[in-house]
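# Reading the structure
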Amino acid sequence: MIRELNVDQQKCIHCRQCLDFCYTNVIGWDETKEQPFAQYPLDCQLCCVCEDACPAHAITVIPDWSRKYYPDYLSAKSAAAIREMAAEKERRAGK
Amino acid sequence: MSAENKRPRKSQCSHVLIIGGGISGLTAALTIKETDPAADVLLVDKACASKGWAGKAARTAGLLSFVSQEKDPEEFARYCAGADIGCGLNDMALLRDFAYNSRRLVEHLADWDVDIERNEDGSMAVGVWPLPWVTAGVDPDMCRKMSSRAKKYGVLFEDHVVISELIVLEGRVRGAVGFHLLDGTYQIYLADVVILACGSQNFDITPSWCSTGVSQKLAYDAGCRFRNVEFCGMGDFGRFGQDGQRYYGQHSGAHTAHDCLYVGEENISQKWRPGFHSSMDPMAAYAWYRETMAGNGPVEVHYQKFRDESGALFHFHPNAMRRMHRVESLAEYPYEHEQYEVFPGFISEMSAIRVGHGMETDIPGLLAIGDTSGAGSARAGAVPAPPAKIHGTGILNALYSGDKGGSTAVLLLHGIKRTGEQPPAELLDRLEESTYHYFDREEGISPRDVICRVQDAMAPCDYSFVKTKERMEEALGIILEAKEMLPRMKAENLHELSKCLDAQAMVLCGEMFYRASLARTESRSFHLREDYPEMDASWKKWLNIRKNGEEMEIFTEEIPNI
Ligand SMILES: Cc1cc2nc3c(=O)[nH]c(=O)nc-3n(C[C@H](O)[C@H](O)[C@H](O)COP(=O)(O)OP(=O)(O)OC[C@H]3O[C@@H](n4cnc5c(N)ncnc54)[C@H](O)[C@@H]3O)c2cc1C
Ligand code: SF4
Ligand code: SF4
């Protein structure tokens, strides 16, 4: 759930250590640019270990919360009951 | 795959194979080498364990709870077995052993160069709870120190390898197979003892709680029993941001707010769940659920009240503080005087492989430690473990069970007659086929579709926290729908092949959770049923689950009277 892994080209020393920092296999290597990129951005947990551990402080994690799949926190029936209750309240208030 | 087009294979032998290199796997490796330096230990992880970046350790808050010299281990055991927590379903012998050994294990960390926050006089800086334990702040990068010590001891590492199947021959575990996540090589590991240390099942809903329960699938397929599955529904509160965006877990600013939820000016946590609670439980979700269903919402947290009223006592290590602050800033964490709406967030900690006092499973030669078996050991009773309602016992459990499992592995090694017999080639070919078949096929659905469907069945709080027969059957129906999707999965790449394995494990764990929860017709601690609201003395026994052919067999186990 990141938009990107921003890598500061001025700072990156191409040491490839960041390939090992990530525990969910998000980070891949861009052979042309010789720097890391977010290969599987959906699996980023925003733990910020890659930012923190990069020896050159070259990485910035750019989150994108909207990319994550959010399962509902109430069952469909309960959610419908609450919506109905709220609509009823509004109707009464309108009257 | 045709014979001439065979994918690369790599085969290795060791005395002990450890699957998973987080705190528990590394503790087991170090314990084995400290007890028997001649033992060959190979540690395999899908992340990079050789440099200490695998597992959850570096992502924790680094809280480490234990029974200090001033506290009483017996009181700790009584507290953990009491109402709202273990509720009589604890293995008391194991629990007391855990309590008595906790300080030794924490002190031993210094021998591995692991840093713990200290006072100026060199004593450990701890938060002292009005409860029978204290909480220290350990360096979340502890695995870096542990892995470097393990390498000095001669432990061998294989990084970026996903284990997909155990090799079981004539009822005994003989190793495991998997694939290299970066180059696709088929990896074969033969060993006399195999230790599962590959984490719990979190259903990958709340960020950072991203374990996918492959440990549970490996053990289930091998024929192991499971225990206390129905209590493994851990939860927390998430927060709605200004834009309606949902923030979960550490990022939420509601993560530990279970004692101070408000409707208007009324503290509803205290209304439904009076007193001071060391951690979240389903009653906290129940308070939210009842008020919301009565049309009284929104349920909110007032940041300042939360800070003032929360009784939590934490001491963080600077490395943990720095990371947490960064994580908070990324999630626009709320600041002073703000108030925000919250919702129940599902975490789960399914760690239900049934183990005995030496962390041995039912399968000879197979041990299970750390987050694979915290609940299944029954040490913690009717709670998900970790955290078993005590922050900082996840790390402690990983140390404790790693130490136990490491010692058992050494005992087993000395008692085993090695035959040198290789597993039959057909078996290894069959395991290769089952490891790669989602990858080798032409088309199919994405494993993420299956995972999302399982998440739909787990996350609703009125399915997994506040249970009824009717709602659980509905949730189980969704899981079975996801199960039907499994054979149609297709992995586009090796990362997705790993996701296919995750999807299978999630379906299995979801099914176990709801089948066990339906079977237990009472409420007890973390198992809260609206249709059976009382605790029933005749249910003071464990539920076990085991694979029986294609069926999931459920049966009870009496608790020994100690
Ligand atoms: C956000 C967060 C904060 C926490 N804070 C605390 C805290 O402050 N204090 C505390 O005590 N506990 C805390 N915990 C819990 C604690 O982190 C865990 O209980 C502990 O780290 C578990 O260690 P482990 O070795 O058993 O498992 P893990 O650390 O989960 O290690 C499992 C390893 O297995 C590997 N693996 C998984 N599947 C496979 C496979 N198929 N093949 C190969 N390798 C595989 C993984 O890559 C991983 O490295 C926290 C947890 C989270 C998520
Ligand atoms: S760790 Fe930092 S410096 Fe090294 S390659 Fe990665 S981004 Fe560049
Ligand atoms: S923030 Fe964490 S999960 Fe995300 S890419 Fe960096 S190390 Fe991986």
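Residues numbered from 1 in each chain as written. Chains lettered and ligands numbered in written order. Predicted model: local features only at pLDDT ≥ 70, side-chain atom pairs only at ≥ 80, totals over all residues. Heavy atoms only, no water.

### Notes on the pattern of salt bridges
Where charged atoms of side chains with opposite charge meet at close range, the side chains can pair. Residues and elements named next belong to chain B. Counted by the stated rule, this structure contains 46 salt bridges over all chains. The partner of R104 in a salt bridge is D403, with the nearest N and O atoms 3.1 Å apart. Taken together, the residues R104 in helix α3 (residues 92-108) and D403 in helix α10 (residues 393-415) connect sequence positions 299 residues apart. The exposure class of D403 is buried, given its relative accessible area of 15%. Across the pair K389 and D281 runs a salt bridge, and its minimum N-O distance is 2.8 Å. Here the residue K389 occupies a position in the loop between β17 (366-368) and α10, and D281 occupies one in the loop between α6 (268-272) and α7 (282-293), the gap between them amounting to 108 residues. Three or more residues joined by partner-sharing salt bridges are found here, namely R7, R9, D429, E432 and D440. (Salt bridge = Lys/Arg side-chain N within 4 Å of Asp/Glu carboxyl O. Helix = DSSP H or I, 4+ residues; strand = E, 2+ residues; numbered from the N terminus. Buried < 20%, exposed > 50% of the residue type's maximum accessible area, 1.4 Å probe, protein only.)

### Quick word on the site of ligand 1
Residue and element names in this part refer to chain B. Looking at ligand 1, there are 32 residues lining it, with D45, G55, L63, D371 and I395 nearest. In the environment of ligand 1, a nitrogen atom lies 3.4 Å from a nitrogen or oxygen atom belonging to the backbone of A61. In the environment of ligand 1, an oxygen atom lies 3.1 Å from a nitrogen or oxygen atom belonging to the backbone of G394. About the coverage of ligand 1: the protein hides 94% of its 1,000 Å² of free accessible area. Looking at the shell around ligand 1, the elements that each hand over two or more residues are α1 (23-35), β7 (161-169) and α10. In terms of residue class, the shell around ligand 1 is made up of 14 nonpolar, 13 polar and five charged. (Near = heavy atom within 4 Å. Polar contact = N/O pair within 3.5 Å; in protein donor to acceptor, adjacent residues only side chain to side chain. Areas by Shrake-Rupley, 256 points an atom, 1.4 Å probe, with all protein chains shown as cover. Nonpolar A, V, L, I, M, F, W, Y, C, P; charged D, E, K, R; others polar.)

### Describing unusual backbone geometry
What is expected of a backbone is that most residues other than glycine have negative phi and most peptide bonds are trans. Looking along the chain, the bond that leaves A385 of chain B and enters P386 of chain B is cis, with omega of 0 degrees. Within the element layout of this structure, P386 of chain B appears in the loop between β17 and α10. P386 of chain B connects to P387 of chain B through a cis peptide bond whose omega is 0 degrees. Among the secondary structure elements, P387 of chain B is positioned in the loop between β17 and α10. Notably, E34 of chain A is not glycine yet its phi reads approximately 55 degrees, a positive angle. Along the chain, E34 of chain A falls in the loop between β2 (27-30) and β3 (35-38).

### Overview of the site of ligand 2
As a structural note, the neighbourhood of ligand 2 is formed by C12, I13, H14, C15, R16, C18, W29, P36, C54, P55, A56 and I59 of chain A. Here the shell around ligand 2 is composed, by residue class, of 10 nonpolar, one polar and one charged.

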